[in-house]
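A structural walkthrough
In case you want the letters, here they are:
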Amino acid sequence: MSNKTGLVADVTNGVLNYTASPETTSKDKSKGGELGKDAFLQLLVCQMQNQDPLEPSDNTEYVSQLAQFSSLEQLQNLSSESEKAQALTLVGKYAVLEVKDSNGKVSYPEGRIDFVNMTGGKVKLSVNGSIYDYENLYTVVDDQYYDEQNEQEETTDGTEYHQ
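A quick note: this is a predicted structure, and the numbers were derived from the prediction, not measured.

Thresholds, definitions, all that
Residues numbered from 1 in each chain as written. Predicted model: local features only at pLDDT ≥ 70, side-chain atom pairs only at ≥ 80, totals over all residues. Heavy atoms only, no water. Helix = DSSP H or I, 4+ residues; strand = E, 2+ residues; numbered from the N terminus. Buried < 20%, exposed > 50% of the residue type's maximum accessible area, 1.4 Å probe, protein only. Contact = heavy atoms within 4.5 Å. Areas by Shrake-Rupley, 256 points an atom, 1.4 Å probe, with all protein chains shown as cover. Pairing = 2+ DSSP bridges. Axes fitted to C-alpha atoms, helices over the stretch in contact; angles between N-to-C directions. Salt bridge = Lys/Arg side-chain N within 4 Å of Asp/Glu carboxyl O.

Counting its regular elements, the protein contains four helices and 10 strands. When the helices and strands of the protein are placed in sequence order, the string is β-β-β-α-α-α-β-β-β-β-β-β-β-α. Here the protein holds 163 residues, and the buried ones make up 17% of them. Here the contacts in the protein between residues at least 6 apart in sequence split such that 41% fall between residues at least 24 apart. Of the roughly 11,800 Å² of accessible surface on the protein, 50% is carried by carbon and sulfur atoms.

Turning our attention to the sheet that holds strand β7 (residues 110-117). Read from one edge of the open sheet, five strands run β9-β8-β7-β4-β10, paired in antiparallel fashion. Only two strands of the sheet have a single neighbouring strand rather than two, namely β9 (130-133) and β10 (137-141). Here the strands of the sheet are splayed against their neighbours by 45° on average, with no regard to which way each runs. The pairing of strand β4 (residues 94-97) with β7 spans three bridges and is classified as antiparallel. Directly across from Val96, in β7, lies its bridge partner Glu110.

Tallying each qualifying case throughout the model produces three salt bridges. Close ionic contact of Lys84 with Glu81 constitutes a salt bridge, the shortest N to O distance being 3.7 Å. Residue Lys84 and its partner Glu81 are located together in helix α3 (residues 59-88), separated by three residues, close to a single helical turn.

A few words now on unusual backbone geometry. In most cases, non-glycine residues show a negative phi, while peptide bonds are predominantly trans. Residues other than glycine seldom take positive phi values, yet Asn128 does so here, at roughly 55°. As for its position among the elements, Asn128 is in the loop between β8 (124-127) and β9.

By themselves these figures say nothing about function.
Laid out in C-alpha cells, this is it:
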C-alpha cells in the first residue's frame, strides 16, 4: 500500500520513505537542515493518518510529540526575540559586514550602524546609507579600539594630531 501525501514524502505501509529530492534538499540546505515547525506538524499529521487502525498509537505518545513541538516553537520565538534585542544594542557601533554578491565575490563594507529595521520579521542594519541583513554582520568593533586605530592612522599619514 503506497500513499503519496504530498506533504513530506511517500508513505508505504505506514512508514515514511524520506528520499532527498532536489526540491526538499534545497529547502533543507537553506535552513541548515533543521526540522522546522511546519515540517514537524506535517510529520505528525502524516503519522496519524497512516497509523495501523488495529494497533493505534498510544495517546501519551502524541501528547509527548505535541509537547516537543511546543518546546520547539517557544525556542524559535525566543531565538528570534533575542536576535532582535541584540541587534538594537548595535546602533551607533562600528561594524564590518561580510556580503557576497550574485557572482560569489565577497566584500567587507564597514561603518557605524545608523539604525536597525525589523520589517517582516527580518532584522536589517543600515550602514553608510545601505541596508544589510543581520546575517551579514561579520564583526562589531569596540569604540575605544576603533578610536585608537583612527588616531594611529592620523598620526602616521603625516597629518598633525593634537590630544
